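Report on the structure
One letter stands for each residue in the lines below.
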Amino acid sequence: MEQIISRCGNICSECPWSIYVRKKILKEDWEDYSEQVKNYIGFKPVKYEWEGCVGCFTPNDELPTHPFFNFLKKCRTRKCGQHNEIPNCAYCGRFPCANTVARNDFSKEKISVKIGREISDAEYEQYTKMFDAMGNLNEIRSSLKDTQIKKPKLVSHQLEIPKLTGVFKNANFKLVYDKLIEIAKSNLGIKGIDTVSGLEQHKSRKEFLWRFLWIIGIFGDIGENDLNIDSGTLYDNRKPISLPNNEDGWKIIFDILIEFGINAELVIKTDKLYTPGGYMRAKIPKTNEPAYILKMKTSSKLQKYPFFKVLNKMLSELQKNSGKRAFSNFKKLNFNSILE
Ligand code: SF4
Ligand code: SF4
């Protein structure tokens, strides 16, 4: 069978989640095979009986209805490759861009370190190479002529800010509003926001930040110029976003907050912070206690309002005046219900 490479560099035709591999491996061999895969990549492929992934070249309206395929619909590398009309990122003039999701954590070297011995070429070929996205893309790239590499079709970041229909009753509300506009207009630490993948990443980071500001503004424990929030409260109010999976994920958010004058740190309350699957816990196992606390402090400039207290007042008023639409108004920067 012809090799099928996904937009981000995985080998779909060898992927244990795909329909293709289900056709190659007999049902009676599946359990052994999937256990072996797990030994190398850390995840066990789903049951043989499942229909299997049809790969990222299938158009959205032809994807099966199983919720698994939502990840394909949302994948920013897939959207970017479609937009640029290229088979995969190796054909792109921006490769390797900051937003491609191509991973290099399944290289032969990295897997050898992970499992504590050097894996053979045969093991790499059979169990790992299909997910060595960056390695596969580099291999394709080295075989391309310059004329086969395309410049990505650029896109622009457009922000619609609703017109204010009155004035804020309090001058500090206006200062917080201006700070929110400044955040909304920024790149949020994303390079290459002029590509589809960059813009998609910006969209999801913005979704995260707006929910995050909402949660801390409403539920945070607010002092004069500081704010603490525990992981249980964050987790209980997080939807529709997901919280970062690890400390590095939080570090990315903290680096963005510092640009806007908010200094944040993670105070870890347990030595069992991670689940066996490698995700950060919200609560200490078998207790209702938070696994970590975020401690934030504002810069001297924000202390003049003071930012956290005023944000809390604005959001509380928005909740009172906009009811169920309060969060949606907040993320659209629509504060008209609290104007005079
Ligand atoms: S899960 Fe990814 S690599 Fe596997 S078949 Fe689907 S698109 Fe391809
Ligand atoms: S801009 Fe990045 S994600 Fe988009 S096609 Fe190019 S390398 Fe891939």
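Residues numbered from 1 in each chain as written. Chains lettered and ligands numbered in written order. Predicted model: local features only at pLDDT ≥ 70, side-chain atom pairs only at ≥ 80, totals over all residues. Heavy atoms only, no water.

1. Focus: the packing of helix α9 (residues 196-219) against helix α11 (residues 247-259)
At their nearest, the axes of α9 and α11 sit 12 Å apart, and the two run at 75 degrees to each other. The pairing of α9 with α11 is recorded here as roughly perpendicular in orientation. Taken together, the residues of α11 that come into contact with α9 (itself represented by Arg205, Phe208, Leu209 and Phe212) are Trp250, Ile252, Ile253, Ile256 and Leu257. A per-class count over the contact of α9 with α11 returns eight nonpolar, no polar and one charged. (Axes fitted to C-alpha atoms, helices over the stretch in contact; angles between N-to-C directions. Helix = DSSP H or I, 4+ residues; strand = E, 2+ residues; numbered from the N terminus. Parallel < 35°, antiparallel > 145°, perpendicular 65-115°, else oblique. Contact = heavy atoms within 4.5 Å. Nonpolar A, V, L, I, M, F, W, Y, C, P; charged D, E, K, R; others polar.)

2. As for the site of ligand 2
Taken together, Cys80, Asn84, Ile86, Cys89, Cys92, Phe95, Cys97, Thr100, Thr195 and Ser197 are the residues near ligand 2. Broken down by class, the residue content of the shell around ligand 2 amounts to six nonpolar, four polar and no charged. (Near = heavy atom within 4 Å.)

3. Quick word on the packing of aromatic side chains
Where two aromatic rings form a pair, the distance of their centres and the angle of their planes describe that pair. Applying the stated criterion across every chain yields a total of 24 aromatic pairs. Among the aromatic side chains, those forming a connected cluster through ring pairs are Phe168, Phe173, Tyr177, Trp210, Trp214, Phe327, Phe330 and Phe335. The cationic tip of Arg211 hangs over the ring face of Phe327; the distance from NZ or CZ to the ring centre is 4.5 Å. Above the ring of Tyr235, the side-chain terminus of Arg238 is found at 3.8 Å from the ring centroid. (Phe/Tyr/Trp six-rings, centres within 6.5 Å; stacked < 30°, edge-to-face > 60°. Lys NZ or Arg CZ within 6 Å of the ring centre and 35° of its normal.)

4. Topic: the pairing of strand β4 (residues 292-298)
With five of its seven residues buried, β4 lies for the most part within the structure. Sheet topology note: the strand β2 (residues 226-230)/β4 ladder contains five bridges and is antiparallel. Within the sheet, the bridge partner assigned to Leu227 lies in β4 and is Met296. Examined bridge by bridge, strand β3 (residues 262-268) and β4 share seven bridges and lie antiparallel to one another. Bridging across to β4, Glu265 finds its partner in Lys295. (Buried < 20%, exposed > 50% of the residue type's maximum accessible area, 1.4 Å probe, protein only. Pairing = 2+ DSSP bridges.)

5. Points about the side chain of Arg22
Within the secondary structure, Arg22 is located in helix α1 (residues 19-24). Of the polar contacts made by the side chain of Arg22, one reaches the backbone oxygen of Ser18; its length is 3.0 Å. A distance of 3.2 Å separates a polar side-chain atom of Arg22 from the backbone oxygen of Lys47. Setting aside residues no more than four positions away along its own chain, Arg22 makes contact with Pro16, Trp17, Trp30, Val46, Lys47, Tyr48, Trp50, Glu51 and Gly52. (Polar contact = N/O pair within 3.5 Å; in protein donor to acceptor, adjacent residues only side chain to side chain.)

6. Looking at the sheet that holds β4
As summarised here, the arrangement of the four strands in space is β1-β2-β4-β3, forming an open sheet in which the pairing is antiparallel. Pairing within the sheet leaves two strands with one partner each, and these edge strands are β1 (221-222) and β3. The pairing of β1 with β2 spans two bridges and is antiparallel. Each residue of the ladder has a partner; that of Ile222, found in β2, is Leu227. Against the sheet, α9 touches β1, β2 and β4, its axis set at about 105 degrees to β2.

7. Side note on the domain arrangement of the protein chain
Segmentation of the protein chain into domains returns domain 1 (12-148) and domain 2 (171-338). Just the C-alpha atoms count here: the centres of domain 1 and domain 2 sit 33 Å apart. Each side of the interface is counted separately: domain 1 has eight residues, and domain 2 has ten residues. For the pair domain 1 and domain 2, the summed buried area comes to about 860 Å², and 54% of that belongs to carbon and sulfur atoms. Summed over the shared surface of domain 1 and domain 2, the result is two salt bridges. Put simply, domain 1 and domain 2 have three residue pairs in polar contact (both at pLDDT 80 or more) between them. Class assignment for the residues of the side of domain 1 that touches domain 2 results in three nonpolar, two polar and three charged. (Domains from an automatic or database assignment. Buried area = accessible area lost by both parts, 1.4 Å probe. Salt bridge = Lys/Arg side-chain N within 4 Å of Asp/Glu carboxyl O.)

8. Points about the nonpolar core
By size, the foremost hydrophobic cluster in this structure holds 54 residues, and its most contacted members are Trp250, Tyr292, Leu294, Met296, Phe330 and Phe335. Elements represented by at least two residues in this core include exactly α8 (171-185), α9, β2, α11, β3, β4, α13 (307-322) and α14 (326-331). It is α9 that provides the largest number of residues to this core, a total of nine residues. Those residues in contact with Tyr292, other than ones at most four positions away along the chain, are Asp230, Ser231, Leu234, Leu243, Trp250, Leu266, Val267, Ile268, Lys269, Leu273, Met280 and Arg281. Core analysis: the second largest hydrophobic core is formed by 33 residues, Tyr40, Ala90, Cys92 and Tyr124 among them. (Core = buried A, V, L, I, M, F, W, Y, C linked by side-chain atoms within 4.5 Å.)

9. Concerning the environment of Phe95
Relative to the elements of secondary structure, Phe95 occurs in the loop between α4 (76-84) and α5 (108-115). Each C-alpha atom of the pair Phe95 and Arg141 lies 9.0 Å from the other, and the pair is 46 residues apart in sequence. When residues no more than four places from it in sequence are discounted, the contact partners of Phe95 are Cys89, Ala90, Met134, Leu137, Asn138 and Arg141.

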